[in-house]
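# Inside the fold
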Amino acid sequence: IVFFGLCILAFWSVAGFWAFPDLLPRSFTFANWDRAIPSLGRPLAITIWTAVGATIIAVAVAIASLEREARTGRTGGSRALHFIYLPLIVPQVSFVFGLQIFFVGIGMDASWPALVFVHLVFVMPYVFLSLSDPWRAWDRRYASVAHGLGAGDNRTFWRIRLPMLLKPALVAAAVGFAVSIGQYLPTVLIGAGRLPTITTEAVALASGGDRRVIGVYAFLQMLMPFLGFALATAIPACL
């Protein structure tokens, strides 16, 4: 039902005059896109770069943590890991406002690094959950063979483990990218309204009556996660 609603909004983005009780618009036009494109540049750039930054950091931290776990043999016993999942349980408004006060206090409010950090808080749990099971299920006999042939831990990681787990890592990255795209409240609070994204603009436009412009933003908001998962599927297939 949600996907159908998004498709209807995408349909609205190219709809011309559409009067009741017509089942379909009387014409289709890209004039709605022509009107919206001049104002899309900055929100689209902030959305993509924030999502890419938060996702890269989250994937790097998750891989480093899981690789350390694999090398030391400590399986998820660290209490610090439990804090990763708190953003999935605690309501956003209960602690994002505290982060906003913190960044105001250190003079980093409405800055791109602060926005990336707060997105990382929500991206990290999903990335770690997506990547932890495939990483822990990897057959360690491959590492034993590599060690028997003289390869160290680092070489085994770069030449064997990471290439074999590239697809799960890319899927985890796509999940993190999609989570970042959908962040509204953290973006509004930490960005102080000065760092607009496609999501914040779409929500702001939702209170208006122009379904065509809303359709343009909603279609872009739906398209970016789709492209992320498409790349996560295509890259391993091409290698």
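Right above here is the structure, for reference.
Residues numbered from 1 in each chain as written. Predicted model: local features only at pLDDT ≥ 70, side-chain atom pairs only at ≥ 80, totals over all residues. Heavy atoms only, no water.

## Some points on the layout of surface pockets
In this model, the largest pocket occupies a volume close to 460 Å³. If you trace the largest pocket, you find 19 residues lining it, with Thr55, Leu170, Ala173, Ala174 and Gly228 closest to the centre. Elements with a contribution of two residues or more to the lining of the largest pocket: helix H3 (41-72), helix H10 (166-181) and helix H13 (211-238). When the residues that make up the lining of the largest pocket are grouped by side-chain class, the tally is 17 nonpolar, two polar and no charged. (1 Å grid on protein atoms, 1.4 Å probe; cavity = no way out; pocket = protein on both sides within 12 Å on 5 of 7 lines; lining within 4 Å. Points joined across faces, edges and corners; volume = space filled by probe spheres on them. Helix = DSSP H or I, 4+ residues; strand = E, 2+ residues; numbered from the N terminus. Nonpolar A, V, L, I, M, F, W, Y, C, P; charged D, E, K, R; others polar.)

## Let's talk about unusual backbone geometry
Although it is not a glycine, Ala110 adopts a positive phi angle of roughly 55 degrees. By secondary structure assignment, the location of Ala110 is in the loop between helix H6 (93-105) and helix H7 (112-136). Its relative accessible area of 18% is what places Ala110 among the buried residues. At Ala192, a position not held by glycine, the phi torsion is positive, near 55 degrees. Relative to the elements of secondary structure, Ala192 occurs in the loop between helix H11 (185-191) and helix H12 (198-206). (Buried < 20%, exposed > 50% of the residue type's maximum accessible area, 1.4 Å probe, protein only.)

## Section: a nonpolar patch on the surface
Taken together, the side chains of Phe83, Leu86, Leu88, Ile89, Val90, Tyr126 and Leu129 define a hydrophobic patch exposed on the protein surface, amounting to about 660 Å² of accessible area. Of all the secondary structure elements, the ones that give two or more residues to the nonpolar patch are helix H5 (86-89) and H7. Looking at which element gives the most residues to the nonpolar patch, the answer is H5, with three residues. Relative to the elements of secondary structure, Leu129 occurs in helix H7. (Patch = residues over 30% accessible without salt bridge, like charges linked within 9 Å, V, L, I, M, F, W, Y side chains within 5 Å. Areas by Shrake-Rupley, 256 points an atom, 1.4 Å probe, with all protein chains shown as cover. Salt bridge = Lys/Arg side-chain N within 4 Å of Asp/Glu carboxyl O.)

## A few points about the pattern of salt bridges
For the structure shown, the criterion picks out five salt bridges. Linking Glu67 and Arg71 is a salt bridge whose minimum nitrogen-to-oxygen distance equals 2.8 Å. In this pair, Glu67 and Arg71 both sit in helix H3, four residues apart, roughly one turn of the helix. Using a relative accessible area of 9% as the deciding quantity, one classes Glu67 as buried. Across the salt bridge formed by Glu69 and Arg136, the nearest N and O atoms sit 2.8 Å from each other. Remark: Arg136 occurs in helix H7 and Glu69 occurs in helix H3; sequence separation between them is 67 residues. Judged by relative accessible area, Glu69 falls into the buried class, the value being 10%. According to the relative accessible area criterion, Arg136 is partly exposed, its value standing at 41%. The structure contains a network of salt bridges with shared partners spanning Glu67, Arg71 and Arg161.

## Description of the side chain of Arg161
For Arg161, the position within the fold is in helix H9 (residues 153-164). By relative accessible area, which is 5% here, Arg161 ends up buried. Side-chain polar atoms of Arg161 contact the side chain of Glu67, separated by 3.1 Å. Apart from residues lying up to four places away in sequence, Arg161 is in contact with Glu67, Ala70, Trp135, Trp138, Arg140 and Thr156. (Polar contact = N/O pair within 3.5 Å; in protein donor to acceptor, adjacent residues only side chain to side chain. Contact = heavy atoms within 4.5 Å.)

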